[in-house]
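Given next are the chains, with one letter for each unit.
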Amino acid sequence: MKIFLDTANLSEIKNALDDGLISGLTTNPTLVAKEGKDYQETVDSILNITNIPTSIEVVSDNFEQMVEESIKYAALSPQVVIKIPCSRDGLKLVRVLSKKEIKTNVTLVYTANQAFLSGIAGATYISPFINRLKQISTDGINNIEKISSVFAKHSVDTKILAASIRDSYQVTEAFLAGADIVTLPYSIYTELLSHPLTETGITTFREDYEKVVGVEG
C-alpha cells in the first residue's frame, strides 16, 4: 500500500517529501502546463529534488519517436518511469522498454481488458482512472476490483496504480478494491492528514494539560 503524488508543482513535491509518506510521483503534460514552464525544464527540476519513482509521460505521436523519447527520459535517472498511453503503439513500446528493463506506467486505462493487455505487455504499473469513469456513470472502483482479482489469480506482477482520484473516500475505496498504489493531487493528500475531530481533540488535550500543570493559556 503506497501513495504517489500527482503533481508537477515543486513546492508541493518538496512539502510532501518532507513528510516522508509518499513513495513516488506521477506527472502529465496537463500538470506541467499548469506550472507555466518548459516541459523538459520541469522534468529536470523534479528529478533534481527527488529520489523516488517518477512517472514522466511520453508525448510523441508515432512509435519511433515514442521509443526515442522514452530512452532519452530513462537516461536522465534510474528513478524515471516512462508513462505511456494505453494504445496499440503504447503497448508495443511497453514491450520494447520491458526488454531493456526500463520501468513503465500505462496510463489512461479505462477497462479491465486494457489492464490485462498492459500486464501481458510487461508494464511495471497500470493506471486505471476512477473519477473520469464516474463522470460517465461507470464504476471505476469495480473496475479495479476486477483487475486486482485477475492479476492475483494469474500471478501478474504489474502494480495497480489507481489514478484520477478526487476525494479521500475514493482513496479508501481504491485500496479496499485491491489497488497497490493511489496517486493523489496535493489537495487530497493533505486532506488525508487531517480531520476536524482530531484537531478539536488536540486542542482539548492541550488545554486540559495546561490546567493540570498550572500553565496559563
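**Focus on unusual backbone geometry**
Phase 1 of the analysis: For S155, which is not a glycine, the phi torsion comes out positive at approximately 55°.
Phase 2 of the analysis: Inspection of the secondary structure assignment puts S155 in the loop between α8 (140-153) and β7 (159-162).

**A short note on the environment of A74**
Phase 1 of the analysis: By secondary structure assignment, the location of A74 is in helix α4 (residues 63-74).
Phase 2 of the analysis: Sequence separation of A74 and I102 is 28 residues, and the distance between their C-alpha atoms is 6.9 Å.
Phase 3 of the analysis: Each residue touching A74, except ones within four places of it in the same chain, is listed here: V80, I82 and I102.

**Quick notes on the packing of aromatic side chains**
Phase 1 of the analysis: Applying the stated criterion across every chain yields a total of five aromatic pairs.
Phase 2 of the analysis: With 6.5 Å between their ring centres and 55° between their planes, F116 and F151 make a pair best called tilted. Of the two residues, F116 sits in helix α6 (residues 112-121) while F151 sits in helix α8, which places them 35 residues apart along the sequence.
Phase 3 of the analysis: What makes F116 partly exposed here is its relative accessible area of 23%.

**Let's talk about the side chain of T26**
Phase 1 of the analysis: Relative to the elements of secondary structure, T26 occurs in strand β2 (residues 24-26).
Phase 2 of the analysis: Residue classification places T26 among the buried residues on the basis of a relative accessible area of 2%.

**Quick word on the packing of α6 against α8**
Phase 1 of the analysis: The contact between α6 and α8 brings their axes to 9 Å, and the two run at 35°. Classified by chirality, the crossing of α8 by α6 is right-handed. Along the contact surface, α6 presents A112, A115 and F116, while α8 presents N143, K146, I147, V150 and F151.
Phase 2 of the analysis: Among the residues forming the contact of α6 with α8, the class breakdown is six nonpolar, one polar and one charged.

**Describing the sheet that holds strand β4 (residues 80-85)**
Phase 1 of the analysis: Strands sit in the order β1-β2-β3-β4-β5-β6-β7-β8 around a closed barrel of eight strands; the barrel is parallel. In this sheet, neighbouring strand axes are inclined to one another by 30° on average, regardless of whether the strands run parallel or antiparallel.
Phase 2 of the analysis: As defined by bridge partners, strand β1 (residues 2-6) adjoins β2 across three bridges and the pair is classed as parallel. The residue bridging L5 from the neighbouring strand is L25, located in β2.
Phase 3 of the analysis: Sitting on the sheet, helix α3 (residues 39-49) touches β2, β3 (54-57) and β4, and the angle it makes with β3 is about 170°.
Phase 4 of the analysis: Lying over the sheet, helix α9 (residues 168-177) contacts β1, β7 and β8 (181-184), oriented at roughly 160° with respect to β8.

**Description of the pattern of salt bridges**
Phase 1 of the analysis: Considering all chains together, one arrives at two salt bridges under this definition.
Phase 2 of the analysis: Between K92 and D89 there is a salt bridge, with the nearest N and O atoms lying 4.0 Å from each other. Separated by three residues within a single helix, K92 and D89 lie in helix α5 (residues 88-99), roughly one turn from each other.
Phase 3 of the analysis: Among the residues examined, K92 registers a relative accessible area of 41% and is labelled partly exposed.
Phase 4 of the analysis: Residue classification places D89 among the partly exposed residues on the basis of a relative accessible area of 27%.
Phase 5 of the analysis: D208 serves as the salt-bridge partner of K211, at 3.8 Å between the closest nitrogen and oxygen. Pair noted here: K211 and D208 are both in helix α11 (residues 196-213), with a separation of three residues, about one helical turn.
Phase 6 of the analysis: On the basis of relative accessibility, which here comes to 65%, the residue K211 falls in the exposed class.
Phase 7 of the analysis: Exposure remark for D208: the relative accessible area of 36% places this residue in the partly exposed category.

**Details of a nonpolar patch on the surface**
Phase 1 of the analysis: A surface patch of nonpolar side chains, about 330 Å² in accessible area, is lined by Y209, V212 and V213.
Phase 2 of the analysis: The topology assignment puts V212 in helix α11.
Phase 3 of the analysis: For V212, a relative accessible area of 71% corresponds to the exposed category.

The rules behind each value
Residues numbered from 1 in each chain as written. Predicted model: local features only at pLDDT ≥ 70, side-chain atom pairs only at ≥ 80, totals over all residues. Heavy atoms only, no water. Helix = DSSP H or I, 4+ residues; strand = E, 2+ residues; numbered from the N terminus. Contact = heavy atoms within 4.5 Å. Phe/Tyr/Trp six-rings, centres within 6.5 Å; stacked < 30°, edge-to-face > 60°. Buried < 20%, exposed > 50% of the residue type's maximum accessible area, 1.4 Å probe, protein only. Axes fitted to C-alpha atoms, helices over the stretch in contact; angles between N-to-C directions. Left-handed = near helix turned anticlockwise from the far one by under 90°. Nonpolar A, V, L, I, M, F, W, Y, C, P; charged D, E, K, R; others polar. Pairing = 2+ DSSP bridges. Salt bridge = Lys/Arg side-chain N within 4 Å of Asp/Glu carboxyl O. Patch = residues over 30% accessible without salt bridge, like charges linked within 9 Å, V, L, I, M, F, W, Y side chains within 5 Å. Areas by Shrake-Rupley, 256 points an atom, 1.4 Å probe, with all protein chains shown as cover.

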